[in-house]
Amino acid sequence: MDQNTMQRLAADLGDLELITDSTALQRYSKDFSWFSPVLTEALEGKRADAIVRPTSEEQVRRVAAACYRHRVPLTLRGSGTGNYGQCTPLRGGVLMDMSGLNKVLWIADGVARVQAGARLVDIDNAAREKGWELRLLPSTYRLATAGGFFCGGFGGIGSITYGSIGDPGNVLGVRAMSLAEQPEVAEFRSAEARDLYHAYGVNGVITELEFALTPAMNWQEAVLSFPSFMEGVRFCQTLGRATGVIKKLLTLLADPLPQMCGLGKDVGEGRAAVLCLVNRAALEAVEEIAANFNGRIERQQDNAEVYGTAKSLVEHTWNHTTLHILRKHKDITYLQSGFRPWENVEKVEQMYRHFGDEVMMHLEFLKADGAVTCSGLQVIRYTTEERLNQIIQYHRDNGVHVSNPHTYILEDGGKLSVDPGQLAMKQRLDPAGLLNPGKMRSWDEKGAAA
Ligand SMILES: Cc1cc2nc3c(=O)[nH]c(=O)nc-3n(C[C@H](O)[C@H](O)[C@H](O)COP(=O)(O)OP(=O)(O)OC[C@H]3O[C@@H](n4cnc5c(N)ncnc54)[C@H](O)[C@@H]3O)c2cc1C
């Protein structure tokens, strides 16, 4: 951004400071894309020219109007825990840190209304005070914001019962703002709200969200071990379907991942590990089902005693498993895949046998359209980008969906197709295409064709 534009922008923003300190610019322009060697290279040097930190919707409106007036790119950031450079500005401009809008507005009748920058841990704690809890949390819940989870995340702790944050009924509505001379603020409900789901913040500025809650529960955390990976898979599939056991988490790690991610004290070498959160009264049932697959409980703890700390097993699941491994091991990267419910066990076994130690199996069991299945966060021994692409292609050729975590382009990371709802929402709320330009290929192609 040239000095002239910066000055005019600053004048429009009034008392809202434009931060241009280079350390801050570098830090705020990054997320956890360093998990991917491909993204690390691709996003090198991409950063904002200035940061703003609004604390009210009125200030957000000022930023949206000023960026529109001066045609300056605007990138939104929650806590920056995304994995694909989601909050990295591709073409400079202003980065708006939404974490100052952090109020829990109200909680009533199993619903929480919050500002977009509220941290999930704070929402969850506020809900628990009233006998409720959030249905879904990413393993980064201590830092992650409501807006960042909805626009960048997928699911996590709770997905074994509630699926994804984008499933109908989990997020009931959002309040979102346009980029315009006079920004429009509108409430979107149900399907319209979901047009802003997982859009990487490129089709509207969300200022508030409404989450459906679930009654608070006394959760017990348990580590189990199994002599073989496939016995672990069959146990998870059976426990996932066991209707009498209330579940919040069901994670499976093939040998040697338990050793690599710091669970070596709990799980002996050569064994597969299962980490789960179940209602306390169900532990005997879990033990009984595990015995059918030659498994045993190795350790258990009360979730309430470790909630919000690194001691919780939650912080060894989802992408926290990858994080622990990356901290200790070089030449490692990961994959994100989805197995179809009617064939997940069979396909998992096929991939496991085909790749052996090169693609180490980390599975998160979850519900998809009401059925139990699993997604993979496989840990890969990285050699070259070409080999990584071959691994991805083999999965796709065999009916395993891959949400490629090695691209920063919205469509390439997810459904591999244009989402007409997302595109229409962008046309409505960001007609000038200023929200992190370069991220949404379908928009750029539409512009090029016009
Ligand atoms: C170790 C680790 C573990 C993880 N585990 C999980 C997991 O279990 N489940 C999961 O789903 N993800 C997981 N993630 C990814 C990430 O932590 C989550 O998606 C998290 O919810 C992102 O929240 P955030 O506030 O950090 O968002 P950010 O990273 O700041 O932003 C994410 C996206 O949302 C957009 N955005 C932010 N705020 C707004 C807003 N107000 N309006 C519009 N757009 C906005 C941003 O532009 C960006 O594109 C993990 C990541 C790491 C590094």
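Residues numbered from 1 in each chain as written. Predicted model: local features only at pLDDT ≥ 70, side-chain atom pairs only at ≥ 80, totals over all residues. Heavy atoms only, no water.

Bringing the site of the ligand into the picture now. For the ligand, the set of nearby residues contains 34 residues, the closest of which are Leu76, Gly78, Thr81, Thr145 and Gly155. Within the side chain of Thr81, one N or O atom sits 2.6 Å away from an oxygen atom of the ligand. Thr145 places a polar side-chain atom, nitrogen or oxygen, 2.7 Å from an oxygen atom of the ligand. Taken together, the elements giving at least two residues each to the shell around the ligand come down to strand 2 (74–77), helix 6 (146–152) and helix 13 (319–328). Ranked by residue count, the leading element in the shell around the ligand is helix 6, at five residues. Looking at the shell around the ligand, its residues break down into 13 nonpolar, 20 polar and one charged. (Near = heavy atom within 4 Å. Polar contact = N/O pair within 3.5 Å; in protein donor to acceptor, adjacent residues only side chain to side chain. Helix = DSSP H or I, 4+ residues; strand = E, 2+ residues; numbered from the N terminus. Nonpolar A, V, L, I, M, F, W, Y, C, P; charged D, E, K, R; others polar.)

The next point concerns the pairing of strand 12 (residues 272–279). Counting buried residues along strand 12, eight of its eight residues qualify, which places the element largely inside the surrounding structure. When strand 10 (residues 219–226) meets strand 12, the two strands line up antiparallel, connected through eight bridges. When the sheet's bridge partners are listed, Leu224 is paired in strand 12 with Val274. With six bridges joining them, strand 11 (residues 247–253) and strand 12 adopt antiparallel strand pairing. Bridge assignment links Thr251 to a residue of strand 12, and that residue is Leu275. (Buried < 20%, exposed > 50% of the residue type's maximum accessible area, 1.4 Å probe, protein only. Pairing = 2+ DSSP bridges.)

A word on the packing of helix 9 (residues 229–241) against helix 14 (residues 344–355). Axis separation between helix 9 and helix 14 bottoms out at 11 Å; the angle between their running directions is 160°. The angle between the axes of helix 9 and helix 14 places the two elements in the roughly antiparallel class. Once helix 9 is placed against helix 14, the crossing between them reads as right-handed. Contacts between helix 9 and helix 14 pair Phe229, Met230, Val233, Arg234 and Gln237 from the former with Asn344, Val345, Val348, Glu349, Tyr352 and Arg353 from the latter. Its residues assigned to classes, the contact of helix 9 with helix 14 shows six nonpolar, two polar and three charged. (Axes fitted to C-alpha atoms, helices over the stretch in contact; angles between N-to-C directions. Parallel < 35°, antiparallel > 145°, perpendicular 65-115°, else oblique. Left-handed = near helix turned anticlockwise from the far one by under 90°. Contact = heavy atoms within 4.5 Å.)

With domains assigned, the chain is organised as domain 1 (3–99), domain 2 (100–215) and domain 3 (219–402). Here domain 1 and domain 3 have C-alpha centroids that lie 36 Å from each other. By the criterion of area lost to domain 3, the three top residues of domain 1 are Phe35, Pro37 and Val38, representing 64% of everything that side buries. Our count for the domain 1 to domain 3 interface comes out at zero salt bridges. (Domains from an automatic or database assignment. Buried area = accessible area lost by both parts, 1.4 Å probe. Salt bridge = Lys/Arg side-chain N within 4 Å of Asp/Glu carboxyl O.)

If you walk across this open sheet you meet the three strands as 1-3-2, and the pairing is parallel. For this open sheet the edge positions go to strand 1 (50–52) and strand 2, each flanked by a neighbour on one side alone. Across this sheet, the average inter-strand angle for adjacent strands is 25°, counted without regard to direction. Examined bridge by bridge, strand 2 and strand 3 (residues 94–97) share four bridges and lie parallel to one another. Note that in strand 3 the partner of Leu76 across the bridge is Met96. Taken strand by strand, helix 4 (residues 57–69) contacts strand 1, strand 2 and strand 3, and its axis lies near 165° from that of strand 3.

Right, let's talk about the pattern of salt bridges for a bit. A complete count under the given rule lists 27 salt bridges for this structure. In this structure, the salt-bridge partner of Arg428 is Glu184, at a minimum N-O distance of 2.6 Å. Taken together, the positions of Arg428 in helix 17 (residues 420–429) and Glu184 in the loop between strand 7 (171–177) and strand 8 (185–189) put the pair 244 residues apart, joining distant regions of the chain. By relative accessible area, which is 29% here, Glu184 ends up partly exposed. Ionic pairing is found between Asp357 and Arg381, a salt bridge with its closest N-O pair at 3.1 Å. Placement of the pair is Asp357 in the loop between helix 14 and strand 16 (359–360) and Arg381 in strand 19 (residues 379–381), with a sequence separation of 24 residues. On the accessibility criterion, Asp357 (45% relative accessible area) is partly exposed. Among the ionic contacts, a cluster of salt bridges with common partners joins Arg113, Glu187, Arg189, Glu208 and Glu210.

So, on to the sheet that holds strand 14 (residues 332–334). The strand order across the open sheet built from three strands is 14-19-16, with neighbouring strands paired in antiparallel fashion. Each having just a single partner strand, strand 14 and strand 16 make up the two edges of the open sheet. When strand 16 meets strand 19, the two strands line up antiparallel, connected through two bridges. Across the sheet, Met360 pairs through a bridge with Val379, a residue of strand 19.

Another point: the environment of Leu213. Locating Leu213 in the fold gives a position in strand 9 (residues 205–215). Note on Leu213: relative accessible area 4%, which makes it buried. Those residues in contact with Leu213 that sit more than four places away from it in its chain are Ile107, Gly110, Val111, Ala112, Ala127, Trp132, Glu133, Leu134 and Arg135.

By the element assignment, Glu315 lies in the loop between helix 12 (303–306) and helix 13. Engagement of the side chain of Glu315 in a polar contact is seen with the side chain of Arg142, the distance being 2.8 Å. Leave out the neighbours within four places in its chain, and Glu315 touches Ser139, Tyr141, Arg142, Thr309, Ala310, His320 and His324.

Another point: the packing of helix 9 against helix 11 (residues 283–292). Two elements in contact, helix 9 and helix 11, have axes separated by 9 Å at closest approach and are oriented at 145°. Crossing angle aside, the handedness with which helix 9 passes helix 11 is right-handed. Of the residues in helix 11, those touching helix 9 at Phe235, Thr238 and Leu239 are Val286, Ile289 and Ala290.

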